[in-house]
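# Understanding the architecture of this molecule
The chain contents come next:
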Amino acid sequence: MLQRLVEEENPDIVCLQETKVPDPLFPAEALKEIGFPYQLYRGMKGYNGVAILSRHPLKTMENVPDWCSRNDCRHIAATVETPTGPILLHDFYVPAGGDIPDPDLNDKFAHKLAFVDEATQWFTATPPARSVLVGDLNIAPLEHDVWSHRQLLKIVSHTPLETDGLKAWLAAGFQDAMRHITPESEKLYTWWSYRNRDWKKSNRGRRLDHVWLTPDLMHALRDIRVRKDVRDWDSPSDHVPVILDLDPA
């Protein structure tokens, strides 16, 4: 599936989340063969995992925080050079949070809230510049990021505790690039549950995947496209790719 997407989009950089593979088993050689000689990845058996694949050299960001002191492979960052200077790219996979939206009853939900809060504090203390943040953030923050705002207010991914937290993180130095392209008044989804027999007909989606830019890069934003059609490919993910067109030249 990735190879087909690469053939269709010819991306310079690909960011992956939930790779679920320990580093010694990461398919580095196969990914080099489809055009990505520069790779950065952090993974673990069966859970989590993030990766950045690039056609251009990557410089690993040192001293990335160990979020919630769990060392659970949810964030990597690297610098890539451009004609106008380096850009720092963050790739995140935020905890899903389980099913019960109460941190006192659900440790997974408490972990999710703590993760978002720590990230907010870190970016507030270390204001980002010339930075891109992407990933599966597992929160749909706006009314039209979900198929029914009213019905999902008590469902994990759209509860006020989560959406307020994500908005605070965004305000720590970023702008919501996807909503710069698609107005907040329009529905915008990147995820559809496997539980829906006909995902397209029911269209009960959520925008769980995000692209954020620091204000100093907003002038370089050309387009963002959600490849909704990929949800109909063979053995698809419940998430679809989000394509960022950035021209920092």
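In this text the structure is predicted, and so the values were computed from the model without any measurement.

## Some thoughts on the pairing of strand β6 (residues 87-93)
Among the seven residues of β6, six are classified as buried, and the element is accordingly described as predominantly covered. Pairing of strand β5 (residues 75-80) with β6, which is carried by six bridges, proceeds in the antiparallel orientation. Paired with V80 across the bridge in β6 is I87. With six bridges connecting them, β6 and strand β7 (residues 131-136) associate as parallel partners. Residue pairing in the sheet places F92 in a bridge with G135 of β7. In the classification by handedness, the crossover that spans β6, the intervening helix α3 (residues 107-125) and the parallel β7 is right-handed.

## Section: the packing of aromatic side chains
Counting across every chain of the model gives 14 aromatic pairs. Cluster of aromatic residues (ring-pair linked, three or more members): W67, F92, F115, W122, F123, W169, F174 and W212. The ring centre of W233 lies 3.7 Å from the NZ or CZ of R4, which sits over that ring.

## Some remarks on the UniProt feature "active site" (unreviewed entry) in the protein chain
Cross-referencing UniProt, the feature "active site" (unreviewed entry) maps to Y93, D136 and H239 in the present numbering. These annotated residues cover 147 residues of sequence, and their C-alpha atoms lie no more than 12.6 Å from one another, placing them together at a single site. Relative to the helices and strands, D136 resides in strand β7. For D136, a relative accessible area of 4% gives the class buried. Here D136 is in contact with Q17, F92, Y93, V94, L208, D209 and H239, once residues within four sequence places are set aside. With respect to the helices and strands, the residue H239 is situated in the loop between β12 (221-226) and β13 (242-246). The exposure class assigned to H239 is buried, which follows from its relative accessible area of 18%. The contact partners of H239, leaving out residues within four places of it in the chain, are D136, T190, W191, L208 and D209. Within the structure, the side chain of H239 is placed 3.4 Å from the side chain of D136, a separation counted as a polar contact.

## Points about the side chain of R206
Summarising the element assignment, R206 is placed in strand β10 (residues 205-206). Here R206 sits buried without a salt bridge, and the closest side chain of opposite charge, E162, lies 7.8 Å off (N-O distance). In terms of polar contacts, R206 uses its side chain to reach the side chain of S157, at 2.9 Å. For R206, the contacting residues outside a window of four places in its chain are A140, D145, V146, L152, I155, V156, S157, Y189, T190 and W191.

## Points about the packing of α3 against helix α5 (residues 160-170)
Each packed pair of helices is defined by two parameters, the angle between the axes and the distance between the axes. Contact geometry for α3 and α5: axes closest at 8 Å, N-to-C directions at 20°. The pairing of α3 with α5 is recorded here as roughly parallel in orientation. Two packed elements cross with a definite hand, and for α3 against α5 that hand is left-handed. Of the residues in α5, those touching α3 at F109, K112, L113, V116, A119, T120 and F123 are L161, E162, G165, L166, A168 and W169. Class assignment for the residues of the contact of α3 with α5 results in nine nonpolar, two polar and two charged.

## Let's talk about the sheet that holds strand β4 (residues 59-60)
An order of β4-β5-β6-β7-β11-β8 is seen for the six strands of this open sheet, with the pairing classed as mixed. In this open sheet, the two strands that pair with only one neighbour each are β4 and β8 (175-176). Sitting on the sheet, α3 is in contact with β6 and β7, with an inclination near 165° to β6. Across the face of the sheet, α5 comes into contact with β6, β7, β8 and β11 (209-213) while running at roughly 25° to β11.

## A look at unusual backbone geometry
We note that S69 has phi near 55°; this positive angle belongs to a residue other than glycine. Along the chain, the position of S69 falls in the loop between β4 and β5. A residue is classified by how much of its surface remains accessible, and S69, at 67% relative accessible area, is exposed. At N203, a position not held by glycine, the phi torsion is positive, near 50°. Position of N203 among the secondary structure elements: in the loop between α7 (199-202) and β10. The class for N203 is partly exposed, based on a relative accessible area of 27%.

Parameters at a glance
Along each chain, the written sequence defines residue order, and numbers are assigned to residues from 1. In keeping with the predicted nature of the model, local features appear solely for residues at pLDDT of at least 70, side-chain atom pairs appear and are counted solely at 80 or more, and the whole-chain, interface and lining totals rest on all residues. Heavy atoms throughout the structure, all of them, feed into the side-chain values; hydrogens and water do not. Burial classes: relative accessible area under 20% of the type maximum marks a residue as buried, over 50% as exposed, and values in between as partly exposed (1.4 Å probe, protein chains only). Only DSSP runs of H or I with at least four residues qualify as helices, and only runs of E with at least two residues qualify as strands; both kinds are numbered from the N terminus onward. Think of it this way: DSSP has to see at least two bridges between two strands before they count as a pair. Handedness of a crossover is defined as follows: with both strands directed away from the viewer, a clockwise route from the first strand across the helix to the second makes it right-handed. Pairing of aromatic rings covers Phe, Tyr and Trp, the last counted by its six-membered ring, and requires centre-to-centre distances within 6.5 Å; plane angles under 30 degrees mean stacked, over 60 mean edge-to-face, and any other angle means tilted. The criterion is that NZ of a Lys, or CZ of an Arg, lies within 6 Å of the ring centre and within 35 degrees of the ring normal, and then a charge sits over that ring. UniProt positions are given in the numbering used here, feature names are shortened, and annotations may be inferred rather than shown by experiment. By definition in these notes, contact holds between two residues if any of their heavy atoms fall within 4.5 Å. Side-chain atoms alone can form a polar contact between residues adjacent in sequence; in general such a contact is a pair of N or O atoms within 3.5 Å, and within protein one must be able to donate a hydrogen while the other accepts it. Within this scheme the basic residues Lys and Arg register as positive and the acidic residues Asp and Glu register as negative, but His and the chain ends are omitted. Salt bridges, as used here, are contacts in which a Lys or Arg side-chain nitrogen is within 4 Å of a carboxyl oxygen on Asp or Glu. Here an axis means a line fitted to C-alpha atoms, over the contact stretch when the element is a helix, while the angle between two N-to-C directions is reported on a 0 to 180 degree scale. What sets the label is the angle itself: under 35 degrees gives roughly parallel, over 145 gives roughly antiparallel, 65 to 115 gives roughly perpendicular, and the rest give oblique. For a crossing to be left-handed, the near helix must be turned anticlockwise from the far one by less than a right angle; the clockwise case is right-handed. Gly falls in the polar group here, along with every residue not listed as nonpolar (Ala, Val, Leu, Ile, Met, Phe, Trp, Tyr, Cys, Pro) or charged (Asp, Glu, Lys, Arg).

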